Amino acid sequence: MSREESEQGLKVVDAFDLDDELRSLLKPGEMLRDEQGRRHRLPRYFYEIASHEIALATSLTAHFGLNEFILGDLKEAARLQQYPRYIPCAVRMLAFYLEQFRAAAGASVHIAVNGGYRSPSHKLSQNASSHMWGTAADIYRIGSTILRTKEAIEKYNEIAEDVSDEIHVLPYGPITDKNADDHVHLDLGYITLIPREISEDRMEQPQESRPRFAFEERRRKERRAAAVENEG
Ligand SMILES: [Zn+2]
């Protein structure tokens, strides 16, 4: 799919403009700590994917389809598994690097279910992980090789690191988030992408003063009303 087509097919949205429930799940602009305690700001701009058909029909690069990055599991928030769905715009960068990795590996690269974008509301999301930025992929198979052995994982980790200094991998080992022993985890770090369609003169709305859900707003009004009655 050409650039023009994909831009027509995918709408860029500022997640601050989404409804309260989506905003509370995607947490645009919120700060999250990584394992080392460093704080990172969650992405604000997303591609809106209107339907499953569009997800299947949209290619980000010659060999990577949009759908591969949003294969969710039941640990993802239910609302985020319904269309329209949202993925951080930086996924385009990830697809570009994966395409280079595929060429270096000389074989097709298969992203695991739930191995692409995971929202900050995913049940496994605790510390900041680049999966929440749309800039990480868990790869479970390359060509016909299932990545379960130290030998295979270390081989492809090395190939990935040789593609670019931007690519970070997890060393082989058993500790979740620090190692990987049944996939290659490849990530680009905490990249947030500001699409050219966006004008940056709009300030972020202060989240603290905004009710997260409509019912909170109602309850606030009720409390205020009760307070006025008590005063009177
Ligand atoms: Zn991963």
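Cut-offs and rules
Residue indices begin from 1 for each chain and proceed along its sequence in written order. Totals for whole chains, interfaces and linings use all residues, but because this is a predicted model, local features are given only for residues with pLDDT of at least 70 and pairs of side-chain atoms are given and counted only at 80 or more. With hydrogens and water stripped out, all remaining heavy atoms of the structure feed into the side-chain values. Secondary structure elements follow DSSP: runs of H or I no shorter than four residues count as helices, runs of E no shorter than two count as strands, and numbering proceeds from the N terminus. Exposure categories follow from relative accessible area, calculated using a 1.4 Å probe and restricted to protein chains: below 20% of the type maximum is buried, above 50% is exposed, and the middle band is partly exposed. Working rule for contacts: check all heavy atoms of both residues, and any pair within 4.5 Å makes them a contact. In short, Shrake-Rupley with a 1.4 Å probe defines the accessible areas, and a residue's cover is counted only from the protein chains shown. Counted as coordinating are nitrogen, oxygen and sulfur atoms within 2.8 Å of the metal, or 3.2 Å for Na, K and Ca, while water is not included, which may make sites look incomplete. Salt bridges, as used here, are contacts in which a Lys or Arg side-chain nitrogen is within 4 Å of a carboxyl oxygen on Asp or Glu.

Draft legend 1. Quick peek at the overall build of the protein chain. Per the secondary structure count, the protein chain includes six helices and 10 strands. The 232 residues of the protein chain split such that 46% are buried. In the protein chain, 69% of the contacts between residues at least 6 apart in sequence involve partners at least 24 apart. For the protein chain, the computed accessible surface area is about 12700 Å², with 48% contributed by carbon and sulfur atoms.

Draft legend 2. Up close: the coordination of the zinc ion. Bound to the zinc ion on the protein side are His131 (NE2), Asp138 (OD) and His185 (ND1), at distances that span 2.0 to 2.1 Å. Coordination of the zinc ion draws on donor residues from a single chain, spaced H-x6-D-x46-H in sequence. Residue His131 is found in the loop between strand E6 (109-111) and strand E7 (136-142), and its partner His185 is found in strand E10 (residues 184-187); the two are separated by 54 residues along the sequence.

Draft legend 3. Seen up close, the pattern of salt bridges. Applying the stated criterion across every chain, the model contains seven salt bridges. Salt-bridge contacts for Lys11 lead to Glu48; the nearest nitrogen and oxygen are separated by 3.7 Å. Note that Lys11 is positioned in strand E1 (residues 11-14) and Glu48 in strand E4 (residues 45-49), a separation of 37 residues in sequence. For Asp20, the salt bridge identified is with Arg23, shortest N-O distance 2.9 Å. Of the two residues, Asp20 and Arg23 both sit in helix H2 (residues 20-26), three residues apart, roughly one turn of that helix.

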